[in-house]
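# Coordinate analysis (summary)
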Amino acid sequence: MAKPGSRAEKVLRLLRRSGDFVSSHDICSELGISRAAVWKQIEGLRSDGYDIEGVSSMGYRLLRVPDALRVLEADRGFDPLRIGRRIVALDETGSTNEDAWQLGLEGAEEGTVVLAEMQRAGRGRRGRRWVSPAGTNLYASVLLRPAVLPAEAALLTLLAAVELCETLRETLPVAPGIKWPNDVLLEGAKVAGILAEMHAEQETIHFLVLGIGVNLNMTREMFPGELTYPATSVRCVLGRPVERVPFTRRLLENLDRGYERFLREGARPLRKRWLSFCVHLGGSLEVDTPKGILRGRFEDIDDEGALVLEVAPGATERIRAGDVIRVSPPVPSAWPSPGGEKE
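A brief structural summary. Remember, it's a predicted structure, so these values are computed and weren't measured experimentally. (Residues numbered from 1 in each chain as written. Predicted model: local features only at pLDDT ≥ 70, side-chain atom pairs only at ≥ 80, totals over all residues. Heavy atoms only, no water.)

Pairing in this open sheet of five strands is antiparallel, and the strands run E13-E12-E11-E10-E14 from one edge to the other. Two strands lie at the open edges of the sheet, namely strand E13 (315–319) and strand E14 (323–328), each paired on one side alone. On average, each strand axis in the sheet is inclined to that of its neighbour by 40 degrees, with strand direction left out of account. (Pairing = 2+ DSSP bridges. Helix = DSSP H or I, 4+ residues; strand = E, 2+ residues; numbered from the N terminus. Axes fitted to C-alpha atoms, helices over the stretch in contact; angles between N-to-C directions.)

Attention shifts here to the nonpolar core. The nonpolar side chains of a soluble globular protein tend to be buried with one another. Of all hydrophobic cores here, the largest spans 83 residues; its most connected members are Leu115, Leu138, Leu164, Leu168 and Trp274. Of all the elements, helix H6 (residues 154–171) adds the most residues to this core, at 10 residues. Ignoring sequence-local partners within four residues, the contact set of Leu164 consists of Val184, Ala192, Ile212, Val214, Phe247 and Leu251. Ala100, Ala108, Val114 and Leu143 belong to the second-largest nonpolar core, a separate cluster that totals eight residues. (Core = buried A, V, L, I, M, F, W, Y, C linked by side-chain atoms within 4.5 Å. Buried < 20%, exposed > 50% of the residue type's maximum accessible area, 1.4 Å probe, protein only. Contact = heavy atoms within 4.5 Å.)

Here we come to unusual backbone geometry. The linkage connecting Trp180 with the following residue, Pro181, adopts the cis geometry, with an omega of 0 degrees. When you line up the elements, Pro181 lands in the loop between strand E6 (177–179) and strand E7 (183–186).

Before going further, it helps to spend a moment on helix H9 (residues 267–277). Listed as buried for H9 are Ala267, Leu270, Arg273, Trp274, Leu275 and Phe277. Those residues of H9 that are buried are in contact with H6, E6, helix H8 (244–265) and strand E11 (292–301).

Tallied over the full model, the rule gives one aromatic pair. With a centroid separation of 4.9 Å and an interplanar angle of 75 degrees, the aromatic rings of Trp101 and Phe207 are classed as edge-to-face. Here the residue Trp101 occupies a position in helix H5 (residues 96–105), and Phe207 occupies one in strand E9 (residues 205–214), the gap between them amounting to 106 residues. A residue is classified by how much of its surface remains accessible, and Trp101, at 27% relative accessible area, is partly exposed. Taking the relative accessible area as the measure of exposure, Phe207 reaches 2% and is therefore buried. (Phe/Tyr/Trp six-rings, centres within 6.5 Å; stacked < 30°, edge-to-face > 60°.)

All right, on to the side chain of Arg249 then. Tracing the sequence through the fold places Arg249 in helix H8. Polar contacts involving the side chain of Arg249 include one to the main-chain carbonyl oxygen of Arg76, which spans 2.5 Å. Leave out the neighbours within four places in its chain, and Arg249 touches Arg16, Val71, Leu72, Asp75, Arg76, Gly77 and Phe78. (Polar contact = N/O pair within 3.5 Å; in protein donor to acceptor, adjacent residues only side chain to side chain.)

Looking now at the sheet that holds strand E8 (residues 189–200). Strand order in the open sheet formed by seven strands is E3-E4-E5-E9-E8-E7-E6, and the pairing between neighbours is mixed. Lying at the two open borders of the sheet, with one neighbouring strand each, are strand E3 (87–90) and E6. Adjacent strand axes in the sheet meet at a mean angle of 20 degrees, parallel and antiparallel pairs treated alike. Looking at chain direction, E8 and E9 are connected through nine bridges and run antiparallel. Each residue of the ladder has a partner; that of His199, found in E9, is Phe207. Docked against the sheet, H6 engages strand E5 (138–144), E6, E7, E8 and E9, running at close to 35 degrees with respect to E9.

Read these as layout, nothing more, since geometry by itself doesn't imply function.
Right, here's the structure in full:
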């Protein structure tokens, strides 16, 4: 694959920027290389899976890029403000979050992204296993160094969920939703999860790793049988596979712009966007928390991303950590008590 700064990457950039035929003469002039060198770079790109059309009187035109995440190392396709300025793409790894964490300890710049074709030890929240077959889905981790208090870090998982929903809605004919705190759903089943891990002191975040796993092309047979919540993939919903590279490119671009907006505007606009995708509105919830199972009506999320649950008329619980395990229509006449039992 083309490496950042290489001749092949520069040829790719010219072809992508044009969107049409680019003559050999123009490529030679732009890059200061010979026609023979241009031909060599084109042939190398073709051998890597790029579909490049060549017409003697017109030049070269990029038709299609290979569906391999390594493409994005050199061919981001957008101009990042922070997220995506450096992309590390791996054929196989233990966990992209672990890789990004190590890069954080080594002082890597904010916005570094780690992608992998396969994870041997992918994980979700509460140490759950995240099934990560090769060449099928999106496994990504983003290194951030946000100038916010550790108590506000949960907002970044909400941000990731919102931008993921926006990307699904923009690129595919699907209607995504969010189940608090960070599960993205399609047709009521989980299609993506987000795991944030923070290196911080009491008042300072040194860095935060935002892990995002999206089931893009898994078939139903690929899901394990022991799942605690129904899961799906975009392919299962649409009945056809989706291209991972353009989807990943759009997601990184949306995350980049959304993160800048969050740093500039704060929690309230993000909260409003999150609520527009929330599947809980007007619903009664069961939430598995460190205190046990709590039942009540979804009230809101606060400016730190905590769930506000109305457990009885006029009584609310603020939940910072937990899993929503059931969503059902509200039953106003049967409010549960804070202890979880009906009064």
